[in-house]
Amino acid sequence: MATTVSPHPLTENTDVAALLRYLSHQQQKQTYADFSELLHTVTALEDQLRRTTAELGTVKKELRVMRGNLSPAQRASGESLLKTLENAIRQSAELLQNLKSRIVQTAKSTLENVRQTGISGLNGLTNLFGVRKALRGLKAHMSWTASTLETGMARIEAAGKELRSTGEHLRNIGRALTGKEPLEAQAVERTKTALVPLRGMAAAFRKMEAQTGRALGSLEKLERAAEMKKPSIRETLKKLEAKQAAPKAPARENAPRKEAAL
């Protein structure tokens with residue numbers, strides 16, 4: 001299944017790299033650290049999604065092998081979960097690409113502000129609402145996918161624990177008398193084995209959910225650091241008032257006044 005996950009990290013983007021260099025040259029250590037942390041977390045998220053995409057083929061093969069150990073209803077539920085997983089991976093890649101595009105656009109606009117106004121242009125890094133929205137949407141998607149997989153697997157397990165038929169009960173009585181394991185317990189164990197690949201995928205989405213949460217944390221620190229550099233409205237008004245209240249020097253007369261003739 002093809003996805004839009006880019007193999008290139010954000011740090012290789014021209015505008016992002018230029019902004020990092022500017023922050024370093026201007027000794028903006030905290031802003032540099034917060035921005036770098038955001039970029040690295042996004043890269044880690046991208047790497048995890050790429051690994052999850054690669055593992056999808058293996059999961060399909062393993063479930064096909066275990067297919068015979070599941071009831072028809074369980075097989076149908078498993079196939080439905082696989083389709084959900086495929087769509088979720090594709091959507092995750094699209095959301096992640098959108099997030100990266102927003103970060104690049106923020107870096108580009110911040111650089112433009114810096115060129116026009118100097119270091120005060122870094123205040124533009126507080127305008128990351130689009131990035132925050134993209135991160136929150138991605139985090140919600142990861143959480144929904146993991147929850148959907150976990151709920152689906154719980155239902156498959158519950159179906160595997162149901163009693164099969166009266167005849168199976170009778171067979172289990174005979175097996176119990178001879179010291180053999182009940183057929184029902186064997187079916188439950190086979191179901192658990194068949195679900196191992198899907199459990200791994202659910203865990204991967206939980207991990208990506210946590211990574212997205214860390215990226216949101218980095219974003220909040222970056223915004224706070226940039227906000228502290230912005231002059232407050234009160235300070236701006238005080239300076240303006242002081243400037244207006246400053247005494248003006250008397251105007252010099254261009255020529256001496258002549259006395260009126262007697």
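Residues numbered from 1 in each chain as written. Predicted model: local features only at pLDDT ≥ 70, side-chain atom pairs only at ≥ 80, totals over all residues. Heavy atoms only, no water.

Helices and strands together make up the secondary structure of the protein, namely seven helices and zero strands. Starting at the N terminus, the α and β elements of the protein follow one another as α-α-α-α-α-α-α. Residues counted as buried form 37% of the 262 residues belonging to the protein. For the protein, the share of sequence-separated contacts (at least 6 apart) that also reach a separation of at least 24 residues comes to 84%. Entry remark: accessible area of the protein is about 15,900 Å², with carbon and sulfur atoms responsible for 54%. (Helix = DSSP H or I, 4+ residues; strand = E, 2+ residues; numbered from the N terminus. Buried < 20%, exposed > 50% of the residue type's maximum accessible area, 1.4 Å probe, protein only. Contact = heavy atoms within 4.5 Å. Areas by Shrake-Rupley, 256 points an atom, 1.4 Å probe, with all protein chains shown as cover.)

For helix α1 (residues 14-25), spanning twelve residues, the distance from its first C-alpha to its last is 16 Å, which sits close to the expected 16 Å at 1.5 Å a residue. Along α1, the residues classified as buried are Val16, Ala17, Ala18, Leu19, Leu20, Tyr22 and Leu23. Buried residues in α1 make contact with α2 (29-65) and α3 (72-117). You can read the cap of α1 off the contacts: a side-chain oxygen lies 3.0 Å from the backbone nitrogen of Asp15, and it is on Asn13. Gln27 lies just past α1 and shows a positive phi near 60°. (Expected span 1.5 Å × (residues − 1). Polar contact = N/O pair within 3.5 Å; in protein donor to acceptor, adjacent residues only side chain to side chain.)

Here we take up the packing of α2 against α3. Where α2 meets α3, the axes come as close as 11 Å, and the angle between the chain directions of the two elements is 160°. In terms of orientation, α2 lies roughly antiparallel with respect to α3. Here α2 and α3 pass one another in a crossing that is left-handed. Classifying every residue of the contact of α2 with α3 gives 16 nonpolar, three polar and four charged. (Axes fitted to C-alpha atoms, helices over the stretch in contact; angles between N-to-C directions. Parallel < 35°, antiparallel > 145°, perpendicular 65-115°, else oblique. Left-handed = near helix turned anticlockwise from the far one by under 90°. Nonpolar A, V, L, I, M, F, W, Y, C, P; charged D, E, K, R; others polar.)

Mapped onto the secondary structure, Ile103 falls in helix α3. Each C-alpha atom, one on Ile103 and one on Leu38, is 9.6 Å from the other, the two residues being 65 residues apart in sequence. If we skip the residues at most four places from it in the chain, Ile103 touches Leu10, Phe35, Leu38, Leu39, Val42 and Val131.

Next up on the list: the nonpolar core. Grouped together as the largest cluster of nonpolar side chains are 51 residues, with contacts concentrated most on Phe35, Leu99 and Ile103. Among the elements that line this core, the one with the most residues is α3, at 13 residues. (Core = buried A, V, L, I, M, F, W, Y, C linked by side-chain atoms within 4.5 Å.)

Glancing now at the confidence of the model for the protein. Close inspection of predicted coordinates is inappropriate in any region flagged by low pLDDT. Looking at the protein as a whole, its pLDDT mean stands at 79, while 71% of the residues score no less than 70. Within the protein, the lowest mean pLDDT, 49, falls on helix α7 (residues 233-245), and the highest, 94, falls on α1. Throughout residues 258-262 the model reports pLDDT below 50, and contacts reaching past four residues in sequence, or to other chains, amount to zero contacts. (pLDDT = per-residue confidence, 0-100.)

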